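Fold and geometry: a report
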Amino acid sequence: MNYEEKIQNSETRVFKVVFPNITNHHNTMFGGTVMEMMDEVAFMTATRFARKSFVTVSCDRIDFKKPIPADTLVELIGRVKYVGNSSLKVNIEVYVEQMYDEIREKAVSGDFTLVAIGPDKKPVKIFEREETTNQL
C-alpha cells in the first residue's frame, strides 16, 4: 500500500449521541468532553495509519464554531495531515446533526500531534527508510 492509500484508508469516522449527561448548564456539550472525543479519534487515526503505539503531545488551535446541543448527533472525522519521523499531525473535524432533521454543520475543528513510541515509551520512527519514499 502506498503512502496516499495509507492516508485515505486511515480516515476515521466516529458517531456519538449527545446525551444530557455530557452537557453543561447551557444544555450544550462540555468543551472538555469534545476535546476528549477529538483526542480519541486522533489516536485511532494515527494508529490506523502507522499501526504503532501513539501518545498525544499537543493540540493546536481548537476552534469551537457552533455549540453542540443535547439530543443531537456528532460525527468526528480524523485525517492524517502531516507525517514526520516519529510524529504525525491529525486534523479532527466535528459535525453536529439534528436527529430528526437534515441539518448538519461543522461545529469544532483542531489538529492533534501524536508521537509513535516503543515498548520503552521512547519515540520510534513511524516508517522505515524505504517506506518514506511515497510521502507527500
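What counts, and where the lines are drawn
Residues numbered from 1 in each chain as written. Predicted model: local features only at pLDDT ≥ 70, side-chain atom pairs only at ≥ 80, totals over all residues. Heavy atoms only, no water. Helix = DSSP H or I, 4+ residues; strand = E, 2+ residues; numbered from the N terminus. Contact = heavy atoms within 4.5 Å. Areas by Shrake-Rupley, 256 points an atom, 1.4 Å probe, with all protein chains shown as cover. Buried < 20%, exposed > 50% of the residue type's maximum accessible area, 1.4 Å probe, protein only. Pairing = 2+ DSSP bridges. Axes fitted to C-alpha atoms, helices over the stretch in contact; angles between N-to-C directions. UniProt positions renumbered as here; feature names shortened; annotations may be inferred. Core = buried A, V, L, I, M, F, W, Y, C linked by side-chain atoms within 4.5 Å. Salt bridge = Lys/Arg side-chain N within 4 Å of Asp/Glu carboxyl O. Expected span 1.5 Å × (residues − 1).

Our focus in this paragraph is the overall build of the protein chain. Helix and strand counts for the protein chain come out as 2 helices and 5 strands. When the helices and strands of the protein chain are placed in sequence order, the string is α-β-α-β-β-β-β. Overall, the C-alpha framework of the protein chain stretches about 50 × 30 × 20 Å when taken along its three principal axes. Within the protein chain, contacts between residues at least 6 apart in sequence are counted, and of these 70% link residues at least 24 apart. A total of about 8000 Å² of accessible surface is found on the protein chain, and carbon and sulfur atoms cover 50% of it.

Of note, R51 is a non-glycine position whose phi angle comes to about 55 degrees, a positive value. Counting through the fold element by element, R51 comes out in the loop between helix 2 (31-50) and strand 2 (53-64). R51 sits in the exposed class, given a relative accessible area of 64%. A positive phi is found at D71, a non-glycine position, where the angle reads about 65 degrees.

Okay, the sheet that holds strand 5 (residues 104-117) next. The 5 strands lie next to each other as 1-3-4-5-2, forming an open sheet whose pairing is antiparallel. Every other strand in the sheet has two partners, leaving strand 1 (12-17) and strand 2 as the edge strands with one partner each. Averaged over all adjacent pairs, the angle separating strand axes in this sheet is 25 degrees, with direction ignored. Across 11 bridges, the pairing between strand 3 (residues 72-83) and strand 4 (residues 87-98) is antiparallel. Bridge pairing in strand 4 places V83 opposite L88.

Further remarks concern the environment of N9. Looking at the element boundaries, N9 is found in helix 1 (residues 3-10). Among residues more than four places away in sequence, those in contact with N9 are M1 and R48.

Turning our attention to the UniProt feature "domain: HotDog ACOT-type" (unreviewed entry) in the protein chain. According to UniProt, the feature "domain: HotDog ACOT-type" (unreviewed entry) maps to residues 8-120 in the numbering used here. Structurally, residues 8-120 comprises 20% helix and 50% strand, and the distance from its first C-alpha atom to its last is 30 Å.

One finds M38, F49, I68, L88, I92, V94 and I126 to be the most contacted residues of the largest nonpolar core, which totals 33 residues. Those elements that provide at least two residues to this core are helix 1, helix 2, strand 2, strand 3, strand 4 and strand 5. Sorting elements by how many residues they give to this core places helix 2 first, with 8 residues.

Let us look at the pattern of salt bridges. Across all of its chains, the model carries 11 salt bridges by this definition. Counted as one network, the salt bridges with shared partners bring together E11, R13, E75, R79, E93, E97, R104 and K106.

Glancing now at helix 2. Counting along an α-helix, one turn takes 3.6 residues, and residues three or four places apart therefore face a common direction. Spanning 20 residues, helix 2 covers 29 Å between terminal C-alpha atoms, matching the ideal 28 Å at 1.5 Å per step. When we look at burial in helix 2, the residues that qualify are T33, V34, M37, M38, V41, A42, T45, A46, F49 and A50. Here the buried face of helix 2 lies against helix 1, strand 1, strand 2, strand 3, strand 4 and strand 5. Downstream of helix 2 by one or two residues, R51 has phi in the positive range, about 55 degrees.

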